[in-house]
Amino acid sequence: MSEKFRVGLFSTIDTPLLPLFINAIHSQNLRDIVIICDSKKITDKNKKIWQERTGGAFEKTNNPSIYQLNSKMIPFYFVKSHNDKETLNLIKNLSIDVLLNAGTPRKLKKQILEGTKYGVVNIHPGVLPYYRGCSAVEWAIFNNDKVGNTAHFMNENYDEGNIILSEWYEFSSNSDYKSIRIKVYKEGTNLAGKALRHIFDKKITSSGGTPQNKKLAKYW
């Protein structure tokens, strides 16, 4: 790949899916990655929710230490907050073209959302715009509806940015809740790689993609 395309990942050192995001991006032949870690870690409340949803599946099998990740020659940078001036300076000085929310604990400010050429990508575990909010998978199951992921650009409102790609999945009739959640998380990291590749190939910015139909949108 001759043209430069640098991907920055907003994460924390204890984000369980970080290694999967990295592998998914590499699988799309996107190699120029930097990690920017926020000092804030996952709260006890969110750890409990994560455990209830996945049974600790990713922590047990797919989460090498930060030192192992660093051995892949991926540069790590540590900031107090993803919203501070230091982060803005890093984005500029490192010439980051696009950011991926790979586990930021912050609601990102406008200056960060507009700080790169292409914008900030988020993977929402739910089919937008029909299922917004943090329990989209659960409500889709309850409604016997499609369960999937949506890659979208982030804006100042949760789950409202333009859609890049979306997909939904088939599950066997005997799938239990945790297996469904685990698959959604795994496929979400793969979708992140696809979305970033799509952005690079099509040169899509945050004003591009598909605007969400507000009439169909709902926070559950």
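Residue positions are given per chain, counted from 1 along the sequence in the order it is written. Under the rules for a predicted model, residues below a pLDDT of 70 receive no local features and side-chain atom pairs below 80 are neither given nor counted, while totals for whole chains, interfaces and linings still include all residues. The side-chain quantities take in all heavy atoms of the structure and omit both hydrogens and water.

## Overview of the overall build of the protein chain
Strands here are runs of E lasting at least two residues and helices are runs of H or I lasting at least four, both read from the DSSP assignment and numbered beginning at the N terminus. Scanning the protein chain from terminus to terminus reveals 8 helices and 7 strands. What you see for the protein chain is a C-alpha radius of gyration of 17 Å, in line with the 17 Å of a compact globule of 220 residues. If one aligns the C-alpha atoms of the protein chain with their principal axes, the spans along those axes are about 50 × 40 × 30 Å. Per-residue burial for the protein chain yields a buried fraction of 48% across its 220 residues. Only heavy atoms matter for contacts: two residues are in contact if any of them lie within 4.5 Å across the pair. When contacts within the protein chain are restricted to residue pairs at least 6 apart in sequence, those whose partners lie at least 24 apart make up 74%. Accessible surface computed for the protein chain: about 11,400 Å², of which carbon and sulfur atoms make up 50%. Distance between charge centres in the protein chain, computed from 32 positive and 21 negative side chains, equals 2 Å. For the radius of gyration, the atom set is restricted to C-alpha positions; the globular benchmark scales as 2.2 Å times the number of residues to the power 0.38. Partly exposed residues are those whose accessible area sits between 20% and 50% of the maximum for their type, while under 20% is buried and over 50% is exposed, using a 1.4 Å probe and protein chains only. Where accessible areas are quoted, they stem from the Shrake-Rupley method and a 1.4 Å probe; at the residue level, only the protein chains shown are allowed to cover. In this tally, Lys and Arg are treated as positive and Asp and Glu as negative; His is ignored, and so are the chain termini. One atom stands in for each charge, and that atom is NZ of Lys, CZ of Arg, CG of Asp or CD of Glu.

## Here we look at unusual backbone geometry
Residue leucine 128 is joined to proline 129 through a cis peptide bond whose omega torsion reads 5°. Along the chain, proline 129 turns up in the loop between β5 (119–124) and α7 (136–142). With phi around 60°, asparagine 29 is a residue other than glycine that occupies positive phi space. Inspection of the secondary structure puts asparagine 29 in the loop between α1 (18–27) and β2 (33–38). Positive phi, normally seen in glycine, also occurs at asparagine 144, with a value near 55°. Relative to the helices and strands, asparagine 144 resides in the loop between α7 and β6 (148–153). Judged by relative accessible area, asparagine 144 falls into the exposed class, the value being 73%.

## Comments concerning helix α8 (residues 177–202)
What a helix is expected to span follows from its residue count: subtract one and scale by 1.5 Å. Across its 26 residues, α8 extends 36 Å between first and last C-alpha, which sits within 8% of the 38 Å expected from 1.5 Å per residue. At the exit of α8 stands lysine 203, carrying a positive phi of roughly 55°.

## Some words on the nonpolar core
We define the nonpolar core as a collection of buried residues of types Ala, Val, Leu, Ile, Met, Phe, Trp, Tyr and Cys that are connected through side-chain atoms lying within 4.5 Å of one another. Judged by nonpolar contacts, the single largest core of 35 residues is most densely connected at Leu9, Ile35 and Leu100. Breaking this core down by element, the ones donating at least two residues are β1 (7–11), α1, β2, β4 (98–101), β5, β6 and α8. In terms of residue count, the dominant contributor to this core is α8 (8 residues). Residues Ile36, Ile91, Ile112 and Val120 belong to the second largest nonpolar core, which totals 14 residues.

## Re the pattern of salt bridges
Should a side-chain nitrogen of Lys or Arg be within 4 Å of a carboxyl oxygen of Asp or Glu, the pair is scored as a salt bridge. Tallied over the entire structure, the rule returns 9 salt bridges. Two residues, glutamate 138 and arginine 181, come together in a salt bridge whose shortest N-O distance is 3.0 Å. Within this pair, whereas glutamate 138 is found in helix α7, its partner arginine 181 is found in helix α8, the two being separated by 43 residues in sequence. Taking the relative accessible area as the measure of exposure, glutamate 138 reaches 21% and is therefore partly exposed. Take arginine 181: its relative accessible area is 0%, and that puts it in the buried class.

## Things to note about the packing of aromatic side chains
A pair of aromatic rings is counted whenever rings of Phe, Tyr or Trp (Trp by its six-membered ring) have centres within 6.5 Å, and the orientation is called stacked for planes under 30 degrees apart, edge-to-face for over 60 and tilted otherwise. All chains considered together, the criterion is met by 9 aromatic pairs. Arranged with centres 5.0 Å apart and planes meeting at 55°, the rings of phenylalanine 5 and phenylalanine 200 form a pair that is tilted. Here phenylalanine 5, found in the segment before β1, pairs with phenylalanine 200, found in helix α8; they are 195 residues apart in sequence, far enough to count as distant. Across this residue pair, the class does not change: phenylalanine 5 and phenylalanine 200 are buried. Between tryptophan 139 and tryptophan 220 the ring centres are 5.3 Å apart and the planes differ by 35°, which places this aromatic pair in the tilted class. Taken together, the residues span a long stretch of sequence, with tryptophan 139 in helix α7 and tryptophan 220 in the segment after α8 at a distance of 81 residues. Through successive ring pairs, a cluster of aromatic residues spans Tyr131, Trp139, Phe142 and Trp220. Working rule: Lys NZ or Arg CZ, within 6 Å of ring centre, within 35 degrees of ring normal, means a charge sits over the ring. In this structure, lysine 183 packs its charged tip against the face of phenylalanine 171, placed 5.2 Å from the ring centre.

By themselves, these figures tell us nothing about what the structure is for.
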